[in-house]
Amino acid sequence: MCYDEGTLQAYLDRELPGRKRWEIEAHIATCSRCAGLVARLQDASLLTDVGLTVLLREINKQGSSTEAAWAWTRLTRDERFGAPADTKGVYTMLSSRLKIALVPLAAAVAVAVALSFAPVRTAMADFLNVFRVDKVNTITITEKDISELRKATNNGGNVDIKNFGKIETSGFGRHAPQETTLDGAKKAADFKLKLPENIEGAGAPHFSAIQGTSTSLTLDVEKANGIIKSFGGKSLLPAGLDGKKFTMTTSAAIMANYPRENATPITIVQSKSPEFVFPAGVDPNVVRDVLLSLPILPDGIRQQLEKINDWQHTLPIPAVEGYTKTEQVKVNGADGVFMTTDKVRNKRINGNNANTLIWQNNGIVYGISGENMGLAQAQAIAASMK
Amino acid sequence: MVFKKHPEVVISTDNFDFKELFDANYPMVFRHLMLIMGERAAAEDLAQETFIKLYEKPPKEFTNLTGWLIRVSTNLAYNYLRGEKNRKKRESVGEPTGESFEEDFLRSSEALEARRALELLDEKHRTCLILKFSGFSYDEIAGITGINKKSVGKTLARAQEKFRRVYERKREHVL
């Protein structure tokens with residue numbers, strides 16, 4: 001009686017009890033068909049072992065650090081199970097990645113990027129398109145800081161983010177604000193719009209929407225470290241970050257412009273806080289420390305950034321000393337920042353001299369901005385927004 | 001609830017030392033996922049996810065912790081691969097699709113051929129092959145995959161034959 005290949009495979013793998021083994025051995029000795037089948041199975045087993053051994057050797061060479069893996073796992077565990085009950089269960093497979101509303105990259109890059117080209121932007125639309133936050137905090141930047149930074153970036157070559165790895169973007173096609181109606185704005189916003197019934201001295205609003213965007217950077221650690229070194233950076237990104245993907249997603253921002261007779265319009269901008277997705281296995285603090293230790297960051301700015309404790313949720317608003325004055329204020333009970341500008345000097349670098357009130361409420365960042373708008377007026381508008 | 005970690009050590013699952021279990025088992029889980037998926041970042045993610053599941057909902061008994069970890073990680077891996085495949089299908093309509101693995105790390109072309117040969121196996125065959133290679137018994141393979149123990153031999157024979165056919169051809173091509 002001949003045996004099927006499954007039984008013969010089990011025989012080869014020593015999975016059969018002693019008696020059965022002997023029976024088969026005796027049979028193979030006399031049956032060329034089964035002997036041939038066993039030889040073929042053995043062949044295939046051997047070759048499979050060779051193939052998988054080669055593969056495993058390659059895998060082991062690349063090994064994964066248990067220590068590092070533990071650090072991320074603990075972080076994820078704490079984040080999920082140490083977090084308040086209502087945030088549990090929102091994590092799907094992909095969000096074994098840490099979701100962080102705002103990260104050091106934003107903090108350091110915000111400043112670096114904002115300052116690497118001439119005008120320090122105080123236009124809110126620009127901020128809201130790039131960062132959204134739970135808190136706002138101002139950072140005072142001196143003119144000396146700006147010139148230092150500019151000098152550093154000029155000497156250090158290309159700081160273009162493209163040189164740090166592979167960039168994928170979506171939603172940038174219609175980066176510029178698109179004019180729309182109130183209904184269109186409501187549709188474009190993925191949150192509930194809040195608007196004042198009317199603003200004294202201003203007409204009915206015109207709306208425009210800025211599309212949400214998503215940008216991912218798949219880090220090329222070697223290249224990035226090359227750039228960091230070219231700036232004289234001592235602390236480098238760990239090799240474990242290579243190939244890791246960082247994603248920043250912004251939601252649609254809605255702008256409402258309220259025209260005024262003898263002044264530029266009052267603008268109300270609102271948008272959801274941006275989300276920064278850090279890949280699993282990346283300690284955000286490590287990245288933050290590397291960025292903060294970049295020598296291109298002037299000391300004064302570095303110290304201020306370092307002082308922000310809740311940096312994951314705080315938007316640093318660069319305010320240039322002598323041009324912009326900032327004041328921590330209350331807006332509907334929440335913390336906010338009121339920025340006033342030195343009219344003459346600010347007009348020169350920014351092309352406008354609007355005063356701006358920025359605050360955050362329930363994951364939405366709001367800003368009201370207008371020329372000659374006082375704090376009391378801005379607060380009154382904010383209070384009437386429903 | 002008690003389990004035997006080593007025959008002489010009895011630990012309660014109520015307050016097990018998560019870190020100790022992690023340290024002892026992570027390399028095995030990672031290796032297993034690397035063999036199935038070949039994609040390092042995903043293997044690391046899913047190994048982590050496996051241990052998070054262990055933390056969140058440990059099995060009632062730890063008598064077969066290895067089997068539990070391998071079963072959970074295997075399921076996560078194929079769910080992920082199926083999702084990736086669908087995603088790629090959606091993103092590139094009309095283009096031929098297949099599972100694609102991150103192959104950059106495979107410096108050895110022979111390892112790459114082994115990887116590709118594995119890719120061509122279906123889930124059941126791939127899992128059985130890897131488990132046997134990793135030293136699991138038929139009993140354990142049956143427990144992890146849900147295949148009847150009596151069919152494990154047959155499944156392995158077929159899987160190895162398929163693997164051999166592809167790998168041999170590719171290897172000849174390379175060598």
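Please read all numbers here as calculations on a predicted model, not as lab measurements.

**A short note on the overall build of chain B**
For step 1, the next point in the chain: Assigned secondary structure in chain B consists of seven helices and two strands.
For step 2, the next point in the chain: Counting from the amino terminus, helix and strand elements in chain B follow one another as β-β-α-α-α-α-α-α-α.
For step 3, the next point in the chain: A total of 175 residues make up chain B; the buried ones form 50% of that total.
For step 4, the next point in the chain: A fraction of 58% describes how many contacts in chain B between residues 6 or more apart in sequence connect residues 24 or more apart.
For step 5, the next point in the chain: For chain B, the accessible surface area stands at approximately 8700 Å², while carbon and sulfur atoms represent 46% of it.

**Here's the deal with the confidence of the model for chain B**
Residue and element names in this part refer to chain B.
For step 1, the next point in the chain: Of the residues in chain B, 78% reach a pLDDT of 70 or more, and the chain-wide mean stands at 81.
For step 2, the next point in the chain: Per-element confidence in chain B is highest for helix α5 (residues 123-133), whose mean pLDDT is 95, and lowest for strand β1 (residues 2-6), whose mean pLDDT is 38.
For step 3, the next point in the chain: Across residues 1-14, where pLDDT falls below 50, the model places 25 contacts with residues more than four positions away in sequence or in other chains.
For step 4, the next point in the chain: Below a pLDDT of 50 lies the segment residues 94-104, which in the model reaches 22 contacts outside its immediate sequence neighbourhood of four places, other chains included.
For step 5, the next point in the chain: The ipTM value of the predicted complex is 0.83, and its pTM value is 0.45.

**Digging into the nonpolar core**
For step 1, the next point in the chain: Counting residues in hydrophobic clusters, the biggest one holds 73 residues, and the most contacted among them are M37(B) and L54(B).
For step 2, the next point in the chain: Sorting elements by how many residues they give to this core places helix α1 (residues 18-37) of chain B first, with twelve residues.

**Quick word on unusual backbone geometry**
Residues and elements named next belong to chain A.
For step 1, the next point in the chain: Positive phi, close to 55 degrees, is recorded for R14, a residue that is not glycine.
For step 2, the next point in the chain: Phi at N332 takes a positive value of approximately 50 degrees, unusual for a residue other than glycine.
For step 3, the next point in the chain: Note that N332 resides in the loop between β12 (324-331) and β13 (334-341).

**A look at the interface of chain A and chain B**
Where the parts come together, the accessible area they lose is often given as the size of the interface.
For step 1, the next point in the chain: Contact with chain A, which involves 43 residues of that partner, is made by 47 residues of chain B.
For step 2, the next point in the chain: Summing both sides of the interface, chain A and chain B together bury roughly 4300 Å²; the carbon and sulfur share of this comes to 67%.
For step 3, the next point in the chain: It is L47(A), L52(A) and W70(A) in chain A that bury the most area against chain B; as a group they hold 14% of the surface buried on that side.
For step 4, the next point in the chain: A salt bridge links R40(A) to E161(B); the nearest nitrogen and oxygen atoms lie 3.8 Å apart.
For step 5, the next point in the chain: Summed over the shared surface of chain A and chain B, the result is nine residue pairs in polar contact (both at pLDDT 80 or more).

**Some remarks on the packing of helix α3 (residues 32-62) of chain A against α1(B)**
For step 1, the next point in the chain: Interaxial distance between α3(A) and α1(B) falls to 10 Å at its minimum, and their mutual angle equals 125 degrees. In terms of axis orientation, α3(A) runs oblique to α1(B). In this structure, α3(A) meets α1(B) at a crossing whose hand is right-handed. Between α3(A) and α1(B), the contacting residues are L55(A), L56(A), I59(A) and N60(A) on the first element and F30(B), R31(B), M34(B) and L35(B) on the second.
For step 2, the next point in the chain: In terms of residue class, the contact of α3(A) with α1(B) is built from six nonpolar, one polar and one charged.

Rules and cut-offs
- Residues numbered from 1 in each chain as written.
- Chains lettered and ligands numbered in written order.
- Predicted model: local features only at pLDDT ≥ 70, side-chain atom pairs only at ≥ 80, totals over all residues.
- Heavy atoms only, no water.
- Helix = DSSP H or I, 4+ residues; strand = E, 2+ residues; numbered from the N terminus.
- Buried < 20%, exposed > 50% of the residue type's maximum accessible area, 1.4 Å probe, protein only.
- Contact = heavy atoms within 4.5 Å.
- Areas by Shrake-Rupley, 256 points an atom, 1.4 Å probe, with all protein chains shown as cover.
- pLDDT = per-residue confidence, 0-100.
- Core = buried A, V, L, I, M, F, W, Y, C linked by side-chain atoms within 4.5 Å.
- Buried area = accessible area lost by both parts, 1.4 Å probe.
- Salt bridge = Lys/Arg side-chain N within 4 Å of Asp/Glu carboxyl O.
- Polar contact = N/O pair within 3.5 Å; in protein donor to acceptor, adjacent residues only side chain to side chain.
- Axes fitted to C-alpha atoms, helices over the stretch in contact; angles between N-to-C directions.
- Parallel < 35°, antiparallel > 145°, perpendicular 65-115°, else oblique.
- Left-handed = near helix turned anticlockwise from the far one by under 90°.
- Nonpolar A, V, L, I, M, F, W, Y, C, P; charged D, E, K, R; others polar.

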